[in-house]
Amino acid sequence: MSKRTDTIKSLFTAPHTVPLSADNNASAAPARVSAGAVRSLKDSFSEVEKENQALRDKIAAGATIIEIEPTLIDPSPVADRFRDDDARSDEVLKQSIAQRGQEIPILVREHPTAPGRFQSAYGHRRVRITRELGILVKAILKPLSDEELVVAQGLENGPREDLSFIERAMFAIHIEDAGHKRSVVQDALAIDRAEASKLIAVAKAIPHDIVDAIGKAPKIGRGRWQTLSELLVDAAAVRRARTAISDSTFAGKDSDGRFLVAFSAASRPSAKHASKRGRAAAVVSANGQKIARVQHVDRELKLSIDKTVPATFADFLVDQLPHLFDTFSKSTERQEVTEA
């Protein structure tokens, strides 16, 4: 049994009567021990006392450590993570709990509307795995308001494993949709108001069915998600993205790959869009970098190179225009011959 388990057990059981040690027995001859052994013993007691005090503090704050049947635990009403496509991490955790037991308790509160049930603030994977193993789950039971539950959830999950950008954005919008103030979003994600606004703006702009189909996309950062949100202002781009995610090959890609497929489809200009005068469109590379913006005004096309692109690219583009026009002309001629 581990030292932590012994510590926890001692807090909830009556202390046993222990005979006085030789140090307290005046008739006994003092035992000789080395100074190093004494220091080691003192350090051990000090460490145990620190753990005891930490647990006492939790209990004093209204927390109780209990064991619960995992089928009685419902997840937090505010989702913060996408289900990971890769089951390997779940399998590693499952093997660890099966071999060594659950070392870290989850945090739960009594369910506000279902007597006899509980809601978890964090530890959803541990609940799922203990349910699969058929064992009880160790939990800290604490009275939490709705806001306290959400904040505890965000502060625990953020440092433990970084949420991807889109997970943070969706967590933020879920908190607001649940009726909480913007300040709760800030507290849960440990961000300022401006950052919270950016996250929520992206989450609102991208249809949730597209986000769900893509998944967490851990390697895709703020820039490309923001660009996608700008592209999806156009209804035609939304239709192209939805067509791409419905393709039979889409689900076989990893989450980052699915993002690139949807992004490429949304970026592809349509004939209908090109015919609209005065509408600007973003030009992006295959890896999602914004290159330029184009705008059709009557028979003119205005091209604005993005400030993040090297200035020499403009000269390169001008040099390539004759070659590009020749390629276009030959392509048009071949198409006319085929149609004839």
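Residues numbered from 1 in each chain as written. Predicted model: local features only at pLDDT ≥ 70, side-chain atom pairs only at ≥ 80, totals over all residues. Heavy atoms only, no water.

By the naming in an unreviewed UniProt entry, the protein chain goes by Plasmid partitioning protein RepB and is assigned to Nitrobacter vulgaris.

Peer 1: Kindly report on the sheet that holds strand β2 (residues 73-74), identifying the contributing residues and their values.
Peer 2: Spatial strand order, β1-β5-β3-β4-β2: five strands in an open sheet with mixed pairing. Only two strands of the sheet have a single neighbouring strand rather than two, namely β1 (64-68) and β2. Note: strand β3 (residues 106-110) against strand β4 (residues 118-122), four bridges, orientation antiparallel. Residue Glu110 lies in a different strand from β4, and its bridge partner there is Phe118. Packed on one face of the sheet, helix α4 (residues 124-133) meets β2, β3, β4 and β5 (137-141) and runs near 125° to β4. (Pairing = 2+ DSSP bridges. Helix = DSSP H or I, 4+ residues; strand = E, 2+ residues; numbered from the N terminus. Contact = heavy atoms within 4.5 Å. Axes fitted to C-alpha atoms, helices over the stretch in contact; angles between N-to-C directions.)

Peer 1: Run through the packing of aromatic side chains, naming residues and quoting values.
Peer 2: Working definition: an aromatic ring pair is given by the centre-to-centre distance plus the angle between the planes. Scanning the entire structure with this criterion turns up three aromatic pairs. Clustering of aromatic rings is evident, with ring pairs tying together Trp225, Phe259 and Phe263. (Phe/Tyr/Trp six-rings, centres within 6.5 Å; stacked < 30°, edge-to-face > 60°.)

Peer 1: Break down the environment of Gln95 for me, with residues and values.
Peer 2: One can find Gln95 in helix α3 (residues 88-100). Using a relative accessible area of 42% as the deciding quantity, one classes Gln95 as partly exposed. In sequence terms Gln95 and Ile129 are 34 residues apart; their C-alpha atoms lie 9.5 Å from each other. (Buried < 20%, exposed > 50% of the residue type's maximum accessible area, 1.4 Å probe, protein only.)

Peer 1: Please give an account of the pairing of β3 that cites residues and values.
Peer 2: For β3, a buried count of four out of five residues is recorded, marking the element as mostly surrounded by other parts of the structure. Pairing of β3 with β5, which is carried by three bridges, proceeds in the parallel orientation. Looking across to β5, one finds that Ile106 is bridged to Ala139.

Peer 1: Let's hear about helix α8 (residues 193-205): which residues, and what values?
Peer 2: Relative to the 18 Å expected for 13 residues at 1.5 Å per residue, α8 spans 18 Å between its end C-alpha atoms, a close match to the ideal helical length. Turning to α8, its buried residues number three or more, namely Glu195, Ala196, Leu199, Ile200, Val202 and Ala203. The arc enclosing the buried residues of α8, seen along the axis, measures out at 160°, which places them on a common side. Away from its buried face by more than 90 degrees, α8 exposes Arg193 and Lys204. On the buried face of α8, the contacting elements are α6 (165-177), α7 (182-189), α9 (208-214) and α10 (222-231). (Expected span 1.5 Å × (residues − 1). Arc of directions from axis to C-beta.)

Peer 1: Which residues make up the packing of α7 against α8, and what values go with them?
Peer 2: Remark: α7 packs on α8, axes separated minimally by 9 Å, with the N-to-C direction vectors making an angle of 100°. Taken as axis vectors, α7 and α8 run roughly perpendicular relative to one another. Taken together, the residues of α8 that come into contact with α7 (itself represented by Arg182, Val185, Gln186 and Leu189) are Arg193, Ala196, Ser197, Leu199 and Ile200. Residue classes in the contact of α7 with α8 are distributed as five nonpolar, two polar and two charged. (Parallel < 35°, antiparallel > 145°, perpendicular 65-115°, else oblique. Nonpolar A, V, L, I, M, F, W, Y, C, P; charged D, E, K, R; others polar.)

Peer 1: I'd like a rundown of the pattern of salt bridges, residues and numbers included.
Peer 2: All told, the structure shown has seven salt bridges when counted by the stated rule. Lys94 is the salt-bridge partner of Glu132, the closest N and O atoms lying 3.3 Å from each other. You can see Glu132 sitting in helix α4 and its partner Lys94 sitting in helix α3, a full 38 residues away along the chain. Take Glu132: its relative accessible area is 48%, and that puts it in the partly exposed class. The partly exposed category is assigned to Lys94, whose relative accessible area is 23%. A salt bridge links Asp209 to Arg242; the shortest N-O distance between them is 2.9 Å. On the criterion of sequence distance, the pair formed by Asp209 in helix α9 and Arg242 in helix α11 (residues 235-245) is long-range, its members being 33 residues apart. On the basis of relative accessibility, which here comes to 36%, the residue Asp209 falls in the partly exposed class. Using a relative accessible area of 36% as the deciding quantity, one classes Arg242 as partly exposed. (Salt bridge = Lys/Arg side-chain N within 4 Å of Asp/Glu carboxyl O.)

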